[in-house]
Number of protein chains: 2
Amino acid sequence: MSVTSTRATPAGPRPAQRGDGPERRFTLSALADCGRVMTDTQFHAWLGEMGRREASHVERIAFKELDQWSFDDATGNLGHDSGRFFTVEGVTAHTGSPAHGVWRQPVIHQPEIGILGILVKEFDGVLHCLMQVKMEPGNINRLQLSPTVQATRSNFTTVHRGKTPLYLDHFTRPGGSTVLVDVLQSEQGSWFFHKRNRNMVVEVTGDLPVHEGFCWLTLGQLRRLLAVPDLVNMDSRSVLSCIRFTEPYGLGDLPGATALQAALRRSLAPGDAGALHTTVSLASRINDTRLRHPLTARRLPLAEVPDWHRSADEIAREDGRFFRIVAVSVHSGNREVSSWTQPLLEPNGVGVVAFLARRIDGVLHVLLRTTVEPGCRDTAELGPTVQANPHDRLASDPPDEDPPYLRYVLDAPRERIHYDVVQSEEGGRFHHARNRYVVVEVDDAFPAEVPPDFQWATLGQLMELHQHNGYVNMQARSLVACMHSLW
Amino acid sequence: MSVTSTRATPAGPRPAQRGDGPERRFTLSALADCGRVMTDTQFHAWLGEMGRREASHVERIAFKELDQWSFDDATGNLGHDSGRFFTVEGVTAHTGSPAHGVWRQPVIHQPEIGILGILVKEFDGVLHCLMQVKMEPGNINRLQLSPTVQATRSNFTTVHRGKTPLYLDHFTRPGGSTVLVDVLQSEQGSWFFHKRNRNMVVEVTGDLPVHEGFCWLTLGQLRRLLAVPDLVNMDSRSVLSCIRFTEPYGLGDLPGATALQAALRRSLAPGDAGALHTTVSLASRINDTRLRHPLTARRLPLAEVPDWHRSADEIAREDGRFFRIVAVSVHSGNREVSSWTQPLLEPNGVGVVAFLARRIDGVLHVLLRTTVEPGCRDTAELGPTVQANPHDRLASDPPDEDPPYLRYVLDAPRERIHYDVVQSEEGGRFHHARNRYVVVEVDDAFPAEVPPDFQWATLGQLMELHQHNGYVNMQARSLVACMHSLW
């Protein structure tokens, strides 16, 4: 781990000026050494206090103990009596390519666009994010830092007759506020069918009440918190990944930075500056996959998914691979409704999400893989170099079936690992779903040629692609958010 | 009509330099007064000669005379015996919004991504486009100017056992060539179900044979040809709309330009410079529609579409509105296969596709409308101000049911009409489908407030959005390509 807090340097970045775009204001917030509302120490004390007050109770239950959730007699699908929230169904998918074969598996079907929104506001000229400490039943540590608003459509049409989420109006009726980020982004295509959320950042200027459980943090503070395992939740990372930063000092002037920081900051430059390939060529690879091997995926009754079996308390494969569907009951004090039951998807152990990184002419590049997943709305997105779960391997698997480059990550010498933190996936749908997020820098012995589904890109190019729907998958976006803690 | 050819001026744009991005090279080609390979006069002579040699014959036939096309007994769908190309089916669509209601109508279903590709190459330092004079059965004038390659997936998997389209390899295996544009774009959402094409521009450097029917033209020449009705075909306009130009002279220096040209050139500036709204806020409006009123659309057996009836030679509504499905037989000399029969969709008369335009602080803006159509893959895209077919009106319709702003277009005084040319839609699927493409500049009396589904945008913002999938519909993109003939 080499996460270094960014310190103000004598020749620091120039202050914000009238007419600066949001990129520059976000960057200055990311470089802000301490919060104007709350110091890091105060935040951790406050978080500890919230943890001590947190009194929720989550326990595994049998499916028959689920309240208002039931299996459909005909299809075997698991759904809510209201027909809303989500269902657990099957999916069958193929691309026509023998390399991909035919998938059939359970999947979470939630055909709605939710809102993941962060409110930002200037204090002393520095943008701060309104973050929420939120309990989710699937969180391993119960409380994590979520966006200001994390709402499904059911939430704001109040299907569950609970309270409307706080601050929601700022995203659904921005009015006098300014929308700085608004992009539909996918979630995990191996667990969700066509799921998307609207990732938003909205700036407010007037007074705003800060409700219990909320706090104002700079992007610099959030960057430091990304070094803490299981704290900044998946939805926060997704929204943070859609924020665009700029190279803060100008290319020739990197005071006090290490060589790695310099290479990272050069990598933030917008567009194709310093990049090995053009952004068009990155997108071209996805389009090529969509044209040659278009994904055909359709929902399948859960009862018709082969190799998966339902017992009294789980839906799982006999060989135990991939994940299982379980049920929990939840008693909580700080949610819209105070107790409920629900299904959750529980993967096997801790997965690996990793970028191999490389300095090319002094600019850090990461290696992306064109990734096809059954729940992807448009065949393929760009994913991280490695997205794998070593626990899914069987002892009988031959070692050459390791995902490409996984050994580079697992066997990396300590000094080449720049980021290595376990982060959680969404605790409202997944039970204890965690990945080890890793950035490993390869050395010059690494082969220059990579297989055709891999491509090198700068962070500037990724930030550009993150402004639009359908380019970069959740895992890669999440890891980019983590990488922002390094410059 | 006030299309003016752009002349070189004493203080012309600076010549291309090493390191210039493709935007600048495209712009210089657009400003090139004459082609290095062929003058405009030579082009028109050559086109005339091609027309005289053109010997194709297209005639309307009854459905029973279709060869290898037939109606499915169970569904009534019209399809090819191979299961490929396309089918004519029904669609049922609703958004949950009472304003939209439920649509049921026939639609062309072609679940493939085709390629629309233009090869470009420098002659004397100026980029030229390799264009093809191509016969399509639905073209009112038979021959139009199409991209280098216009290929369905069936084409390049050679389902119809014909020849592989010329130059296709440059797009499917670019190898040493450079991909300058590569973006999936939608086609008409009222006629196609989820249809998309991969719009590409690929630069070649080596020698390239020019086959019969192909010619090299600068973007400047193509701009002038956009003043000719029914010549630059829809697919060409779609690809041309994905090319990004830059403001050619710098904002302070517009030699010899009219006030309108100056306002248009300022409108080309990249990003949000000079724009009334941010690009994020344009996209935000689409996302808002997707979230609030998501479109649910599914295929429906054609036989189950109410109000549409099949006779011996057409599928049409009793009131004659919208369009009809017809069949034709084609005898041709210059296609991959020399004779065939096929269905075509024939709309009613000539439609209207129009932008209202307005100078805001000296920068020309056009008025976009968030447009929901049943065949749209993702609920909504930004469309032109007006997209309507006056022939679809019934005498009994009350006048206040005119589409918004249609009267501004139809009643515009001549001096406020900057572009007014009838252009054709795709002749491979549509029979004599034509629209009057119009740009009307409104005066200061035009209300500053527009309804919430309308927004002002610059051409620079539109060119930015055209780089990505799912923002702007075919009609608006096509009209932007036409507008490039004005600066």
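The model shown is predicted, which means the values in this text are computed figures rather than measured ones.

Visitor: Please provide a residue-by-residue account of the interface of chain B and chain A, values included.
Guide: Contacts between the two partners involve 29 residues from chain B, matched on the other side by 29 residues from chain A. For the pair chain B and chain A, the summed buried surface comes to about 2500 Å²; carbon and sulfur atoms form 44% of the total. When the buried area of chain B at its contact with chain A is split by residue, Asn287(B), Leu291(B) and His468(B) rank highest and sum to 23% of it. At the junction of chain B and chain A, the tally comes to six salt bridges. There are 15 residue pairs in polar contact (both at pLDDT 80 or more) connecting chain B and chain A. Only β6 (113-123), α3 (153-156), β10 (178-186), β12 (196-203) and α8 (279-292) of chain B provide two or more residues apiece to the side of chain B that touches chain A. Counting residues per element, the side of chain B that touches chain A draws most heavily on α8(B), which supplies seven residues. Tallied by class, the residues present in the side of chain B that touches chain A amount to twelve nonpolar, seven polar and ten charged.

Visitor: Please provide a residue-by-residue account of the relation of the copies chain B and chain A, values included.
Guide: At an RMSD of 0.0 Å, chain B and chain A line up after a rotation of 180 degrees and a shift of 0.0 Å along the axis. Taken together, these values place the two copies in the relation of a two-fold axis. Considering only C-alpha atoms, the residue of chain B closest to the rotation axis is His468(B), which sits at 3.7 Å.

Visitor: Could you give an account of helix α7 (residues 259-267) of chain A, with specific residues and numbers?
Guide: With seven of nine residues buried, α7(A) lies mostly within the body of the structure. When α7(A) is considered as a whole, its buried residues turn out to be Leu260(A), Gln261(A), Ala262(A), Ala263(A), Leu264(A), Arg265(A) and Ser267(A).

Visitor: Please set out the pairing of strand β23 (residues 417-424) of chain B residue by residue, giving values where relevant.
Guide: Residues and elements named next belong to chain B. Among the eight residues of β23, six are classified as buried, and the element is accordingly described as predominantly covered. Bridge count for β23 against strand β24 (residues 434-441) is seven bridges, and the pairing is antiparallel. In the strand pairing of β24, Ile-417 is matched with Val-440.

Visitor: Which residues make up the packing of aromatic side chains, and what values go with them?
Guide: For the structure shown, the criterion picks out 29 aromatic pairs over all chains. Taking 6.0 Å as the distance between ring centres and 45 degrees as the angle between the ring planes, the aromatic pair formed by Phe43(B) and Trp46(B) counts as tilted. Pair noted here: Phe43(B) and Trp46(B) are both in helix α2 (residues 40-53), with a separation of three residues, about one helical turn. Comparing Phe43(B) with Trp46(B) shows no difference in burial state: the two are buried. Ring plane angle 65 degrees and centroid distance 4.6 Å describe the contact between Trp191(B) and Phe430(B), whose orientation is recorded as edge-to-face. Highlighted residues: Trp191(B) in the loop between β10 and β11 (192-193) and Phe430(B) in the loop between β23 and β24, separated in sequence by 239 residues. The same class applies to Trp191(B) as to Phe430(B), namely buried. Through successive ring pairs, a cluster of aromatic residues spans Tyr405(A), Tyr408(A), Phe446(A), Phe454(A) and Trp456(A). Cation over ring: Lys195(A) sits above Phe192(A), and NZ or CZ is 5.7 Å from the ring centre.

Calculation criteria
- Residues numbered from 1 in each chain as written.
- Chains lettered and ligands numbered in written order.
- Predicted model: local features only at pLDDT ≥ 70, side-chain atom pairs only at ≥ 80, totals over all residues.
- Heavy atoms only, no water.
- Contact = heavy atoms within 4.5 Å.
- Buried area = accessible area lost by both parts, 1.4 Å probe.
- Salt bridge = Lys/Arg side-chain N within 4 Å of Asp/Glu carboxyl O.
- Polar contact = N/O pair within 3.5 Å; in protein donor to acceptor, adjacent residues only side chain to side chain.
- Helix = DSSP H or I, 4+ residues; strand = E, 2+ residues; numbered from the N terminus.
- Nonpolar A, V, L, I, M, F, W, Y, C, P; charged D, E, K, R; others polar.
- Least-squares fit on C-alpha atoms with pLDDT ≥ 70 in both.
- Buried < 20%, exposed > 50% of the residue type's maximum accessible area, 1.4 Å probe, protein only.
- Pairing = 2+ DSSP bridges.
- Phe/Tyr/Trp six-rings, centres within 6.5 Å; stacked < 30°, edge-to-face > 60°.
- Lys NZ or Arg CZ within 6 Å of the ring centre and 35° of its normal.

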